[in-house]
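What follows is the residue order along each chain.
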Amino acid sequence: MKTMLSTATAALCALSVAGAATAQEILILAEDVPAGLNYDGPAAAIPSSQQGMVTLLEPLVGYADGETVDGIVVPDFDTFEGRLAESWSYDADTLTWTFNLRQGVTGCGEATFNADDVIYTFERAKSVSGAAPIGWFLSNVASIDGFGPEVFGEDPAAKELGDSIVKIDDYTVQIRQAEPNALLLPVLTIFGLLIFDKETMEANATTEDPWSHDYVNNTNAPGFGGYCLESWAKNEQITYSSFPGYYRGAPDATRVSVRRVPQSSNRLVVLRSGQADLVTGLTPREYNSIADVDDLTVAGVTGNENLFIHMNFDVPPFDNIKLREAIAHAIPYDQIIATGYFGEATQWNGMVPSTYPGYAEVAGFNYDLDMAKALLAEAGYPDGAGLEAFAEAFALSYVAEKESTLGPIVNVIQTALREVGIPATLDPIPQTQYGDRQLVRRDLPFAVNDQEKPIGVDAGYAIQLFFVSPENGGLNNMVNYRNPDLDSMWAGARVDPDTASRDATLAQIQGMLAADVTWLPIVEYRTQWAFRDRVSGLKWYPDNSIRYTDLQVED
Amino acid sequence: MLLRYITRRMLIGVVQLFCLVIAVFFLIRLLPADPVSRLVGLNSSPEGYEQAARQLGLDRPLFEQLSIYLGLSPDIAPGLLQGSLGVSWATGSTVGSEIANFLPVTLQLITLAFILAFIISIPVGMLGALNPGKAVDKGVFVYSLFAGSQPEFWWGLLFVYVFYFQLGVAPAPLGQLSPMTFPPESVTGFMLIDTLIAGEPAKFLEALHHLMMPVITLAFILSGPIIKMVRQNMLRALQSDFVLYANLIGLPRKRVARYALRAAMGPSMTLIGILYGFMLSGAVLVESVFSLGGIGQYAIRSVLAFDYPAIQGVVLVITAISLVVYLLLDLIHAAIDPRIAY
């Protein structure tokens, strides 16, 4: 009996370790795998889907490597370098960019990259035929001529590419802007304008779906990336094989399998057991728990992830600047950094990510209860008297799905506010409801937000996105901030070709935003990953997706 | 007679499903959230937002949307009458194909768990009932209380920690197969069957091994209430007149116990049927702990994404299966209880 038991146990043990990744193959555990690979499709806003897109497709341009922080290379946002485009030039008189494309690049589908692929990609974006027109949106942000709102009208000619993007020869493409706009190169680095392999895309087009949305939503995203799709089961697993002919050199990891493991504690346990090589999406507490474990590395960078308090200008009493300042001085920043992020965060003294070009440091708030009480009295609510009438407004909303991360933080905030007499309550709501109230209704009175990462790496883009009044093009002005001075300053900076003068205006705007406590910035927290020591070479990108081509894997 | 009963039940089922379809269609649209904002993300323009709403058909009047969903406007898109559950707003795949992928995972899991729970519960429940008040009965009571009183995800996480991380006898909680194993071609969607069809016994064993912990977790939870029910019904049956008579005329104890068990099985089967219907979506926590992409996970994802076609599809399919299960139960009931006639 004992022998039988031992044999059975040995057999089970053998089976249980059979799944470990072998040399040059890596297993990554994530919260999810791509729900789609189409950046104009329904899954475009989901980070796990974006991870799939950047693995299979390549941009025209990228950022050069910058400094290395804690073993992670961060981009130098001031220096662009070629990817599928080898070089480029800009003619300010005609607002035209000329891109010289790289020759000899092939993709997994054995197609050769050329100007037709670039033209196809922009034609598809302008067709606005997908569920979410991200490609058009980015082109519009960069002021590419013809990519205005007219594409959504009835005139089919408005959806055609026209002469704003033209093929000069097989390896030269010109893009014309409608006005000077510094955002063209930054948007070309973003996942929403990655280049498709036209041949394979067209081979999978149908009469009903001429732009192959179904194919990219469900089967593959053909491009010129370092990995080819080997298998993909939505909600379960995606596996990529390295493409030996990748134009930037064959990737070191020959096979990358990404497995969906919904429970972060299970991702942690499997990593610790040695069966996985890299995990993402752990809570700060979990990252902290393995920081000193042999054979494992926890690394991260302060990239573009941050936490702020949102107070809606349209909802009293948040229209009272003194009350806003009182709240700013009642927040125990250091305690949030210690208990919410285990030290892996710093106080955010800015209104845009501190790593973005154009960022200007602003005067931060300090935790000072006396000052908070004095400001509260000045606001007309000594010791909070009178605020009970605004009980509904003080329901602090946050995304319920992020309870394990945000729960400790909102509790600290609630306790601190109650200490000065502000009757804060907690209101966890589902992500979809949060998104609806933030983006569409803009009626969230009071909220904690840790999910705003402007995809355009530029302070101006962030300002346009969050702080310009909706009437003047503000896209996600969730707090209903309206400042005509800011609007007109941004209107000037947007088309200012002089970087120094543009940066000066952006700095002035950021100062105004901080003075009005438009958002109450709390912390910038580190984007982190945990991985086995056999893996190295990680770089951070603004979309927070890993480029598997960067990874080095020891046998 | 039986055929007429089944037909009548099926017709009632169709009416129930229709009412449910209408109710779900309107109820999910009353929820305070907007699927379009999730779709376009938080970096979109008003034009992009409107375009996305158009793509989803949300710019159309509500009754037109219903008409499309029911399949009354096949010129616009196929609907239920054409056998289409629509296209997922979260992935762009057809809801029918997604459910066909997710449902077998859950059916396989809960069916095996119910078989195991049944195998454990019947003898254990009988043992308690045949020895009322004795130590063994108290043990059965404690087990049933213990198993049924803790949430399944807690047991699941505990089992993962003990059997995978500490003892190393269970596989990593990474789904139906190891991530480095190529799955067999999906024929039925049931991994155990597909591995056999593909003639890959090693993968069959691997799938069985991966199912071991989630099945044990679920069976452990399910056995609690089933044991209680079997024990109670068995006790009641043992005190009934026909059992007292059987004992009086000196029938062997085993035979009497068999008679009593047959009488006790009726209500227990009802409980099992209800639990089975509940577990179709209620196994979600176990699916989550063991990274099994089952229908519960799909339902949760759909609800969180406000993916209306997927929510409607899941509700419809789970209800249809539940109705079939209840029908089967009634038929089994009739087979084991001669007092029931149709």
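Quick notes on the rules
Residues numbered from 1 in each chain as written. Chains lettered and ligands numbered in written order. Predicted model: local features only at pLDDT ≥ 70, side-chain atom pairs only at ≥ 80, totals over all residues. Helix = DSSP H or I, 4+ residues; strand = E, 2+ residues; numbered from the N terminus. Rg over C-alpha atoms; globule rule 2.2 N^0.38 Å. Contact = placed C-beta atoms within 7 Å. Buried ≥ 20, exposed ≤ 12 C-beta atoms within 10 Å, placed from the backbone. Axes fitted to C-alpha atoms, helices over the stretch in contact; angles between N-to-C directions. Parallel < 35°, antiparallel > 145°, perpendicular 65-115°, else oblique. Left-handed = near helix turned anticlockwise from the far one by under 90°. Pairing = 2+ DSSP bridges. Domains from an automatic or database assignment. Nonpolar A, V, L, I, M, F, W, Y, C, P; charged D, E, K, R; others polar. Arc of directions from axis to C-beta. pLDDT = per-residue confidence, 0-100. Core = buried A, V, L, I, M, F, W, Y, C linked by C-beta atoms within 7 Å.

1. Notes on the overall build of chain A
So, point 1. A tally of regular secondary structure across chain A gives 17 helices and 19 strands.
So, point 2. Its C-alpha atoms give chain A a radius of gyration of 25 Å, near enough to 24 Å, the size a compact globule of 555 residues would have.
So, point 3. Taken over the C-alpha atoms alone, chain A extends approximately 85 × 70 × 45 Å along its principal axes.
So, point 4. In chain A, once contacts between residues fewer than 6 apart in sequence are set aside, the share between residues at least 24 apart is 70%.

2. Observations concerning the overall build of chain B
So, point 1. Broken down by element type, chain B carries 14 helices and 0 strands.
So, point 2. The helix and strand sequence of chain B, counted from the amino end, reads α-α-α-α-α-α-α-α-α-α-α-α-α-α.
So, point 3. In terms of overall dimensions, chain B has a C-alpha envelope of 85 × 55 × 40 Å along the principal axes.
So, point 4. A burial count over chain B gives 42% of its 342 residues as buried.
So, point 5. The contacts of chain B with a sequence gap of at least 6 include a subset with a gap of at least 24, amounting to 67%.

3. Some thoughts on the packing of helix 11 (residues 333-341) of chain A against helix 13 (residues 403-419) of chain A
All names here are of chain A.
So, point 1. Axis separation between helix 11 and helix 13 bottoms out at 9 Å; the angle between their running directions is 155°. Viewed along their axes, helix 11 and helix 13 adopt a mutual orientation that is roughly antiparallel. The two elements helix 11 and helix 13 meet at a crossing, and its hand is right-handed. On helix 13, the residues touching Gln335, Ile336, Thr339 and Gly340 of helix 11 are Pro408, Ile409 and Val412.

4. Topic: the sheet that holds strand 5 (residues 96-101) of chain A
Residue and element names in this part refer to chain A.
So, point 1. Spatially, 4 strands are ordered 4-5-7-6 in an open sheet, and the strand pairing comes out antiparallel. Two strands in the sheet have a free side with no partner beyond their single neighbour: strand 4 (85-91) and strand 6 (165-169). Strand-to-strand twist of the sheet, defined as the mean angle between neighbouring strand axes without regard to direction, takes the value 20°.
So, point 2. As defined by bridge partners, strand 4 adjoins strand 5 across 6 bridges and the pair is classed as antiparallel. Pairing of Asp91 across the sheet is with Thr96, part of strand 5.
So, point 3. Where helix 3 (residues 115-126) meets the sheet, its contacts fall on strand 5, strand 6 and strand 7 (172-176), and the angle it forms with strand 6 comes to roughly 170°.

5. What about the domain arrangement of chain A?
Residue and element names in this part refer to chain A.
So, point 1. In terms of domain boundaries, chain A breaks down into domain 1 (25-258 + 534-553) and domain 2 (303-526).
So, point 2. In this structure, domain 1 and domain 2 have C-alpha centres spaced 32 Å apart.
So, point 3. At the junction of the two partners, domain 1 supplies 16 residues and domain 2 supplies 14 residues.
So, point 4. Taken together, the residues that form the side of domain 1 that touches domain 2 break down as 11 nonpolar, 2 polar and 3 charged.

6. Things to note about the interface of chain A and chain B
So, point 1. Each side of the interface is counted separately: chain A has 60 residues, and chain B has 51 residues.
So, point 2. Elements with a contribution of two residues or more to the side of chain A that touches chain B: helix 1 (2-17), strand 1 (25-30), helix 4 (134-141), helix 7 (213-218), strand 10 (255-260), helix 8 (264-273) and helix 14 (431-441) of chain A.
So, point 3. At 7 residues, the largest contribution of residues to the side of chain A that touches chain B is made by helix 14 of chain A.
So, point 4. Residues belonging to the side of chain A that touches chain B are distributed by class as follows: 28 nonpolar, 23 polar and 9 charged.

7. Re the environment of Asp117 of chain A
All names here are of chain A.
So, point 1. Note on placement: Asp117 falls in helix 3.
So, point 2. Taking the C-alpha atoms as reference points, Asp117 and Phe196, 79 residues apart in sequence, are found 6.1 Å from one another.
So, point 3. Apart from the residues within four sequence positions on either side, Asp117 is in contact with Ile195, Phe196, Asp197 and Lys198.

8. Details of the pairing of strand 7 of chain A
Residue and element names in this part refer to chain A.
So, point 1. Across the two faces of strand 7 the burial differs, with Val173 and Ile175 buried and Thr172, Gln174 and Arg176 not buried at all.
So, point 2. With 5 bridges joining them, strand 5 and strand 7 adopt antiparallel strand pairing. The partner of Trp97 across the bridge, within strand 7, is Ile175.
So, point 3. If you look at the hairpin formed by strand 6 and strand 7, you'll find 2 residues sitting between the two strands.

9. Observations concerning the domain arrangement of chain B
Residue and element names in this part refer to chain B.
So, point 1. Under the domain assignment used here, chain B contains domain 1 (2-82) and domain 2 (95-336).
So, point 2. Computed over C-alpha atoms only, the centres of domain 1 and domain 2 are separated by 32 Å.
So, point 3. Each side of the interface is counted separately: domain 1 has 13 residues, and domain 2 has 12 residues.
So, point 4. Taken together, the elements giving at least two residues each to the side of domain 1 that touches domain 2 come down to helix 1 (2-30) and helix 2 (35-40).
So, point 5. Looking at the side of domain 1 that touches domain 2 element by element, the count peaks at 10 residues for helix 1.
So, point 6. Per-class residue counts for the side of domain 1 that touches domain 2 are 9 nonpolar, 2 polar and 2 charged.

10. Details of unusual backbone geometry
All names here are of chain A.
So, point 1. With an omega of 5°, the peptide bond between Pro316 and Pro317 qualifies as cis.
So, point 2. The backbone phi angle of Asp70 is positive, close to 50°, even though this residue is not glycine.
So, point 3. Tracing the sequence through the fold places Asp70 in the loop between strand 2 (61-69) and strand 3 (72-82).
So, point 4. On the basis of neighbour count, Asp70 is assigned to the partly exposed category, with 13 C-beta atoms found within 10 Å.

11. Side note on helix 11 of chain A
Residue and element names in this part refer to chain A.
So, point 1. For helix 11, every residue scored as buried is listed here: Tyr333, Ile336, Ile337, Gly340 and Tyr341. Viewed end-on, helix 11 has its buried residues packed into an arc of 100°, placing them on one side of the element.
So, point 2. Elements in contact with the buried residues of helix 11: helix 9 (284-289), strand 13 (345-347), helix 13 and strand 17 (519-532).
So, point 3. Immediately beyond the C-terminal end of helix 11, within one or two residues, lies Phe342, with a positive phi of roughly 50°.

12. So, the confidence of the model for chain A
So, point 1. When the pLDDT values of chain A are averaged, the result is 91; 96% of them are 70 or greater.
So, point 2. Scored below 50 in pLDDT, residues 1-19 of chain A shows 22 contacts in the model against residues more than four places distant or in partner chains.

13. Things to note about the confidence of the model for chain B
All names here are of chain B.
So, point 1. A residue-level look at chain B finds 96% of positions with pLDDT of 70 or above and a mean pLDDT of 85.
So, point 2. When pLDDT is averaged over each element of chain B, helix 8 (residues 191-197) comes out on top at 93 and helix 2 at the bottom at 72.
So, point 3. Listed scores for the predicted complex are pTM 0.82 and ipTM 0.70.

14. Remarks on helix 2 (residues 47-56) of chain A
So, point 1. Buried residues dominate helix 2 of chain A, accounting for 9 of its 10 residues.
So, point 2. Elements that come into contact with the buried residues of helix 2 of chain A comprise strand 1, strand 8 (227-233) and strand 9 (237-242) of chain A.

15. Digging into the nonpolar core
Note on soluble globular proteins: their nonpolar side chains tend to be buried together.
So, point 1. Counting 237 residues, the largest nonpolar core has Val448, Ile463 and Val523 of chain A together with Leu218 and Val314 of chain B as the members making the most contacts within it.
So, point 2. Per-element tally for this core: the top contributor is helix 9 (residues 201-238) of chain B, with 17 residues.
So, point 3. Beyond its immediate stretch of four places on either side in the chain, Val523 of chain A contacts Asn306, Leu307, Tyr333, Ile336, Ile337, Tyr341, Ala345, Thr346, Gln347 and Trp348 of chain A.

16. Some words on the environment of Gly492 of chain A
Residues and elements named next belong to chain A.
So, point 1. Note that Gly492 resides in helix 16 (residues 484-494).
So, point 2. C-beta crowding within 10 Å serves as the criterion here: with 11 such atoms nearby, Gly492 is assigned to the exposed category.
So, point 3. Placed 215 residues apart in sequence, Gly492 and Asp277 show a C-alpha to C-alpha distance of 49 Å.

17. With respect to the pairing of strand 16 (residues 446-449) of chain A
Residues and elements named next belong to chain A.
So, point 1. Of the two faces of strand 16, the one carrying Phe446 and Val448 and the one carrying Ala447 and Asn449 are both buried.
So, point 2. Both strand 12 (residues 296-311) and strand 16 contribute to a ladder of 4 bridges, which runs antiparallel. Each bridged residue has a counterpart across the sheet, and for Phe308 the counterpart in strand 16 is Asn449.

18. Looking at the packing of helix 8 of chain A against helix 7 (residues 152-166) of chain B
So, point 1. It is at 11 Å that the axes of helix 8 of chain A and helix 7 of chain B come closest, and there the two elements cross at 5°. With respect to their mutual orientation, helix 8 of chain A and helix 7 of chain B come out roughly parallel. Counted together, Ser265, Asn266, Val269 and Ser273 of chain A of helix 8 of chain A and Leu157, Val160, Tyr161 and Phe165 of chain B of helix 7 of chain B form the full contact between these two elements.

19. Remarks on the environment of Gln451 of chain A
Residue and element names in this part refer to chain A.
So, point 1. Summarising the element assignment, Gln451 is placed in the loop between strand 16 and helix 15 (459-466).
So, point 2. The class for Gln451 is partly exposed, based on 15 C-beta atoms found within 10 Å.
So, point 3. Here the alpha-carbon distance between Gln451 and Asn306, two residues 145 residues apart in the chain, equals 7.3 Å.

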